[in-house]
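Now for the letters of each chain:
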Amino acid sequence: MRLKTSHLKEPKHKELVSCVGWTTADELYSCSDDHHIMKWNLLTCETTQVVKLPNDIYPIDLHWFPKNIGGKKQSQAESFVLTSSDGTPVYSVAWGPDSEKVLYTSGKQLIIKPLQPNAKVLQWKAHDGVILKLDWNSVNDLILSAGEDCKYKVWDSYGRLLYSSQPHDYPITSVAWAPDGELFAVGSFHTLRLCDKTGWSYALEKPNTGSIFNIAWSIDGTQIAGACGNGHVIFAHVVEQRWEWKNFEITLTKRRTMEVRNVINDAVDLLEFRDRVIKACLNYGHLVVSTSLQCYVFSTKNWNTPLIFDLKEGTVSLILQAERHFLLIDGGGIYLYSYEGRLISSPKYPGMRTDVLNAQTVSLSNDTLAIKDKADEKVIYLFEALSGKPLGDGKPLIHKTEITEIALDQKGITNERKIVFIDKNRDLYITSVKRFGKEQKIIKIGAMAHTLAWNDTSNILCGLQDARFTVWYYPNTVYVDKDLLPKTLYEKDASEFSKNPQIVCFVGNQVTIRRADGSLIHLNISPYPAILHEYVSSSKWEDAVRLCRFVKDQTMWACLAAMAVANKDMTTAEIAYASIGDIDKVQYINSIKELPSKESRMAHILLFSGNIQDAEMLLLQAGLIYQAIQVNINLYNWDRALELAVKHKTHVDTVLGYRQKFLEDFGKKETNKRFLQYAEGLEVDWDKIKAKIEMEIAKERERAAATPAVRASVTVQR
């Protein structure tokens, strides 16, 4: 990626240009110390003087009122604010992403001041020289600063340093974020630099401009304008962006031209567009390109005949793809399209701001769309992809701490769809997108995580935790057998990736990681877990066992054990647990097999996975009251066992008998008032209790034996 720069042969301003600002993607205003405000039309290449300022006003910054906020057009779109110098050393000011804080400079200090009275002010020394320019991006919540110490730096909103550049030859006079927060530009004397959001440099240009005092990005994020010390206004647009997927590499060679290269046979195709390319995404066998007016959908099997449809707005800020459809986000809304170009849905939620959404806060799968709320960062909104309606009961997912990144798994059925997220404490959690029961089970599966990605073809998760690269071959293990989770992981030392690496994608069995210096590293993981996922999804249990025996890896056996329990295949689960030496679980599985009824077996499989309430509910619905009571006795849930016995008027003496035995074993006396109340006048006779239990088991066996016959007779009658 690089910048292609241009400027006029002769400057239009007679003094240094102090600030620039875009009104549209093709119209710019510039202000200069010659007191003139000029309008630039990039389509007609015309420049006109708009107004001459009084001789005592020297402009230093220019801000246009936003054309739209939350999709609503603003009547003040033709208004702008112009600031001038009065000798106060506040060189730069920026609003916070939530518009409730202001960031400004004071000498070598950066200061974040909340607008609320008596709120704590955050202040820190950011540079060794006077800070000349800053910017705060609303999408990624990161801060840029530049100073006379010849460095530019990237900070988070807590004042923690994320990146510091090497000293340049001259003071850094300007910095500016691209609207989507993925790139930023840096200006200095005869210097214009394009950088990634993590700080490393994509490209360096050396135009003959003097110092660049101000940089402004166009609304669509494709080009920048710079205010130059020699009276010029420099223009630059971003070219040579690259997208990769499997054997295809696509490069934006010109503003309206893409080159497609198939690395297998070295075949090259050129894609020409009517308007300039703004955004593109390559995944799942499709290339989706948005220009200033249209959207193009190409299949990797045919680059000659794209599907084309018009866009409502030409400012697409994000494209996300899933296997069956893709998502476009612009200033007006969120739109889900099929690869045939049909609008599927347009989800909405209260206080929706599309201008602050990015790939870390929006996630798409074949059936679900997840969006992190910007107003309350503990909230994730979940939508049905096909209808755009809120998922389930309409309630969002709420976490106890602010969330920084979310990701949906890509395969499987809707009822088993999982979402993982990282919170502000860098803890990694997983939960089901569908709520089963009153509460949503949110389970922690990692710590010190800062980047993650789901595999595109199977539900395998990878992430970077502190100094370790981790692959969760079967994250759903936490819902089946928590003890197994550590045995289903692959871990590798990540120190070779240097500080703050980012996972770019996880396609097939290859993980692409970008290091802090911008270089890409490709890691290959074992292909066998993905094959195991495929066998299990097709219920090919014998093939799955054969695969594990062939690979002879404990991780594979652990994954198979969890998968088998999740799919209620206890025969395979027994083989897998035996292979990893979990003999106690093998014995428990054998005891489950010996249970007389299907309902009992299902309930004990749920108990095996820790789903106590679901197991009890299943037994009660099947009329197996004693078994439900006995489950609670075995788990020492004495109050619940007594409650069930009293409610159903059966086995009260059984509960009291087991309770007395439990207290005697530990040398304790009864203190529970309810148990004392029901023990009065009730004699515990173990012979009667045992007889009742045997009778219950016999009844269950009889019913289980009779059930198939009844079903057969019903079939014959039909």
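Residues numbered from 1 in each chain as written. Predicted model: local features only at pLDDT ≥ 70, side-chain atom pairs only at ≥ 80, totals over all residues. Heavy atoms only, no water.

## Regarding the sheet that holds strand β38 (residues 368-372)
As a reminder of what qualifies: When DSSP finds at least two bridges between two strands, those strands are taken to pair. Numbering of helices and strands runs from the N terminus; a helix is a DSSP stretch of H or I covering at least four residues, while a strand is a stretch of E covering at least two.
As summarised here, the arrangement of the four strands in space is β37-β38-β39-β40, forming an open sheet in which the pairing is antiparallel. For this open sheet the edge positions go to β37 (362-364) and β40 (397-398), each flanked by a neighbour on one side alone. As paired elements, β38 and strand β39 (residues 379-384) share five bridges and run antiparallel to each other. Looking at the pairing, K372 lines up with I380 of β39.

## Notes on the pattern of salt bridges
Spelled out, the test is: The term salt bridge refers to a pairing of a side-chain nitrogen on Lys or Arg with a carboxyl oxygen on Asp or Glu at a separation within 4 Å. Remark: exposure states derive from per-residue accessible area (1.4 Å probe, protein chains only) relative to the maximum for the residue type, with buried under 20%, exposed over 50%, and partly exposed in between.
Summed over all chains, the structure comprises 31 salt bridges. The salt bridge partner of D481 is K585, with a shortest N-O separation of 2.7 Å. Of this pair, D481 sits in the loop between β47 (468-472) and β48 (489-493) while K585 sits in helix α5 (residues 583-593), placing them 104 residues apart in sequence. Both residues of the pair, D481 and K585, count as buried. For D582, the salt bridge goes to K487, with nearest N and O atoms at 3.5 Å. One end of the pair, D582, is in the loop between α4 (570-579) and α5; the other, K487, is in the loop between β47 and β48, and 95 residues separate them in sequence. Of the residues examined, D582 reaches a relative accessible area of 13% and is grouped as buried. Overall, the relative accessible area of 36% leaves K487 in the partly exposed class.

## What to know about the environment of N425
With respect to the helices and strands, the residue N425 is situated in the loop between β42 (418-423) and β43 (428-432). Taking the C-alpha atoms as reference points, N425 and I403, 22 residues apart in sequence, are found 8.9 Å from one another.

## Comments concerning unusual backbone geometry
Positive phi values are uncommon outside glycine, yet M448 reaches one of about 55 degrees. Checked against the element boundaries, M448 lands in the loop between β44 (443-446) and β45 (449-454). Exposure remark for M448: the relative accessible area of 46% places this residue in the partly exposed category. Notably, S498 is not glycine yet its phi reads approximately 65 degrees, a positive angle. In this fold, S498 is placed in the loop between β48 and β49 (502-507). The exposure class of S498 is partly exposed, given its relative accessible area of 32%.

## A word on the sheet that holds strand β16 (residues 152-155)
The test is simple: Each axis is a line fitted through C-alpha atoms, and for a helix only the stretch in contact is used; angles between axes span 0 to 180 degrees, taken between their N-to-C directions.
The strand order across the open sheet formed by four strands is β14-β15-β16-β17, and the pairing between neighbours is antiparallel. Of all the strands in the sheet, the pair left with one neighbour each is β14 (131-136) and β17 (161-164). Each neighbouring strand pair of the sheet contributes to a mean axis angle of 20 degrees, computed without reference to strand direction. Pairing of β16 with β17 involves three bridges; the strand directions are antiparallel. In the strand pairing of β17, K153 is matched with S164.

## A word on the side chain of T512
Where we set the bar: Residue contacts are defined here by distance: any two heavy atoms, one from each residue, within 4.5 Å place the two residues in contact.
Residue position: T512 is located in strand β50 (residues 510-514). Residue T512 is classed as buried on the basis of its relative accessible area of 6%. Apart from residues lying up to four places away in sequence, T512 is in contact with Q502, I503, V504, C505, L520, I521 and H522.

## What to know about the nonpolar core
This is how the line gets drawn: Here, the term nonpolar core denotes a set of buried Ala, Val, Leu, Ile, Met, Phe, Trp, Tyr and Cys residues that are joined through side-chain atoms within 4.5 Å.
Membership of the largest hydrophobic core comes to 46 residues, with the highest contact counts inside it found for F469, V511, L532, L560 and Y577. At 10 residues, helix α3 (residues 554-566) tops the list of elements feeding residues into this core. Leave out the neighbours within four places in its chain, and V511 touches C462, F469, I503, C505, F506, I521, H522, L523 and I525. Within the second largest apolar cluster, 21 residues are counted, among which are L624, I633, W638 and F675.

## Comments concerning the pairing of strand β12 (residues 109-114)
Bridging between strand β11 (residues 101-106) and β12 involves six bridges; their strand directions are antiparallel. Counterpart to K101 in the pairing with β12 is P114. A loop of two residues connects β11 with β12, the two strands running antiparallel in sequence, and G107 in this loop sits at a positive phi of about 65 degrees. Note: β12 against strand β13 (residues 122-125), four bridges, orientation antiparallel.

## Focus: the pairing of strand β41 (residues 403-408)
In terms of residue burial, β41 counts as a mostly covered element, since five of its six residues are buried. Pairing of β41 with β42 involves five bridges; the strand directions are antiparallel. Following the sheet pairing, I403 is matched in β42 by D423.

## Looking at helix α8 (residues 625-634)
Of all the 10 residues making up α8, nine are buried; the element is thus mostly covered by neighbouring parts of the structure. Among the residues of α8, those classed as buried are I625, Y626, Q627, A628, I629, Q630, V631, N632 and I633. One or two steps after α8, the chain reaches Y636, where phi turns positive at roughly 60 degrees.

## Digging into the side chain of S290
If you trace the backbone, S290 turns up in strand β30 (residues 286-291). Setting aside anything within four residues of it in sequence, one finds S290 in contact with V277, I278, K279, C295, L311, V316 and I319.

## So, the packing of α8 against helix α10 (residues 652-665)
Cut-off, in case you're wondering: Here the word oblique covers every angle except those under 35 degrees (roughly parallel), over 145 (roughly antiparallel) and from 65 to 115 (roughly perpendicular). Left-handed describes a crossing whose near helix is turned anticlockwise from the far helix by less than a right angle; the clockwise case is right-handed.
It is at 11 Å that the axes of α8 and α10 come closest, and there the two elements cross at 15 degrees. The angle between α8 and α10 places the two elements in the roughly parallel class. Remark: the crossing between α8 and α10 carries right-handed chirality. Judged by residue contacts, Y626, I629, Q630 and I633 of α8 engage T654, V655 and Y658 from α10.

## What about the packing of aromatic side chains?
Basically, it comes down to this: By convention, a stacked pair of Phe, Tyr or Trp rings (six-membered ring in the case of Trp) has centres within 6.5 Å and planes under 30 degrees apart, an edge-to-face pair has planes over 60 apart, and any other such pair is tilted. Both a distance and an angle decide whether a charge sits over a ring: NZ of Lys or CZ of Arg must be within 6 Å of the ring centre and within 35 degrees of the ring normal.
By the definition in use, this model includes 25 aromatic pairs. Seen in terms of ring centroids, Y152 and F184 are 5.7 Å apart; in terms of plane orientation they differ by 75 degrees. Their pairing is edge-to-face. With Y152 in strand β16 and F184 in strand β19 (residues 183-188), this pair connects stretches of sequence that are 32 residues apart. Residue Y152 shares its accessibility class with F184, and that shared class is buried. Centre to centre, the rings of Y349 and F383 are 6.3 Å apart; their planes meet at 40 degrees, and the pair counts as tilted. Taken as a pair, Y349 in the loop between β36 (343-345) and β37 and F383 in strand β39 lie far apart in primary sequence, 34 residues in all. With a relative accessible area of 8%, Y349 lands in the buried category. Over the ring of Y479 we find K418, and its NZ or CZ is 5.2 Å from the ring centre. When the ring centre of F675 is taken as reference, the NZ or CZ atom of R659 above it lies at 4.7 Å.

## Description of the confidence of the model for the protein chain
What counts here: The score called pLDDT rates the predictor's confidence residue by residue, from a low of 0 to a high of 100.
In the predicted model, the protein chain carries a mean pLDDT of 88, and 95% of its residues have values of at least 70. Contacts of residues 69-76 to residues separated by more than four positions or lying in other chains number 14 contacts, the stretch itself having pLDDT below 50. Note on residues 709-718: pLDDT is under 50 here. Beyond four places in sequence and across chains, it has zero contacts.

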